[in-house]
Amino acid sequence: MSNEASFDISSTVDLQEVDNAVQQVTKEIQQRFDFKGSASRVTRDEQGILLYADDAYKLKAVVELLESKLVRRKVSLRALTYNTPEPAAKGPFGSGSPCNRGSLPRRPKRSPRSSEGSE
């Protein structure tokens, strides 16, 4: 049994690509008409990515923007885990998402559905 080989897949997140995606989202928030006059912003620190928005609708839009930029830069979305949105001190909503640097969590594979009734 000791001769068996073990193979573990570990993926790391390229933090430079995450920084670039956060900068792109920040620029797009400043330019988009639906974010004019809002306190929406995205920041990244050692703990992860922090998202701020005026309301739940704008927070969802910021999340979608961030995810689209990360996908374009080939950063796996499985590296993100979202916290529950909380009202911030001045009123806007805030949500955090730590970037996992080590192994990505494995999701259970879906079993194929049987096509018994399709014949």
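We now turn to the structure provided with this report. In every chain, residue numbers begin from 1 and rise along the written sequence. With the structure being a predicted model, the display of local features is reserved for residues of pLDDT at least 70 and the display and counting of side-chain atom pairs for 80 or more, all residues being used for whole-chain, interface and lining totals. Here the side-chain values reflect all heavy atoms present in the structure, with hydrogen atoms and water set aside.

Quick look at the pattern of salt bridges
Think of a salt bridge as a Lys or Arg side-chain nitrogen and an Asp or Glu carboxyl oxygen that are within 4 Å of each other. For the structure shown, the criterion picks out six salt bridges. Taking the shortest distance from any N to any O, the salt bridge between glutamate 17 and arginine 73 comes out at 2.6 Å. With a gap of 56 residues between them, glutamate 17 in helix H1 (residues 15–31) and arginine 73 in the loop between helix H2 (56–72) and strand E3 (86–87) connect regions that are remote in the sequence. According to the relative accessible area criterion, arginine 73 is partly exposed, its value standing at 26%. Of the charged contacts, one joins arginine 32 and aspartate 34 as a salt bridge, the two residues approaching to 2.7 Å between their closest N and O atoms. Take aspartate 34: its relative accessible area is 30%, and that puts it in the partly exposed class. Linked by salt bridges that have partners in common, Glu28, Arg32, Asp34 and Lys69 make up one network. Each helix corresponds to a stretch of at least 4 residues labelled H or I by DSSP, and each strand to a stretch of at least 2 residues labelled E; elements are numbered beginning at the N terminus. Working definition: with a 1.4 Å probe on protein chains only, accessible area under 20% of the residue-type maximum means buried, over 50% means exposed, and in between means partly exposed.

A word on the side chain of lysine 69
Within the fold, lysine 69 resides in helix H2. Excluding residues within four positions of it along the chain, lysine 69 makes contact with Ala21, Gln24, Val25 and Glu28. The contact criterion used throughout is that any non-hydrogen atoms of two residues lie within 4.5 Å.

Examining unusual backbone geometry
A positive phi is found at lysine 74, a non-glycine position, where the angle reads about 60°. Mapping lysine 74 onto the fold places it in the loop between H2 and E3. By relative accessible area, which is 74% here, lysine 74 ends up exposed.

Quick notes on the packing of H1 against H2
In this description, a line fitted to the C-alpha atoms serves as the axis of each element, helices being fitted only across the stretch in contact, and the angle between N-to-C directions of two axes falls anywhere from 0 to 180 degrees. Closest axis-to-axis distance for the H1/H2 pair is 9 Å, and the angle between their directions is 135°. One finds that H1 runs oblique with respect to H2. The handedness of the crossing between H1 and H2 is right-handed. Along its contact with H1, which presents Val18, Ala21, Val22, Gln24, Val25, Glu28 and Ile29, the element H2 presents Val62, Leu65, Leu66, Lys69 and Leu70. Nonpolar residues are Ala, Val, Leu, Ile, Met, Phe, Trp, Tyr, Cys and Pro. Charged residues are Asp, Glu, Lys and Arg, and all others, Gly as well, are polar. In the contact of H1 with H2, the residues fall into nine nonpolar, one polar and two charged. An angle below 35 degrees is read as roughly parallel, one above 145 as roughly antiparallel, one from 65 to 115 as roughly perpendicular, and any other as oblique. For a crossing to be left-handed, the near helix must be turned anticlockwise from the far one by less than a right angle; the clockwise case is right-handed.

Looking at H2
The periodicity of an α-helix, 3.6 residues per turn, causes residues three or four positions apart to be oriented the same way. A helix is expected to span 1.5 Å for every residue after the first. With 17 residues, H2 extends 24 Å between its outermost C-alpha atoms, agreeing within 8% with the 24 Å of an ideal straight helix rising 1.5 Å per residue. Within H2, the full set of buried residues consists of Lys58, Leu59, Ala61, Val62, Val63, Leu65, Leu66, Lys69 and Leu70. Once H2 ends, the next one or two residues include lysine 74, with phi positive near 60°.

These values are about where atoms sit, not about what they do.
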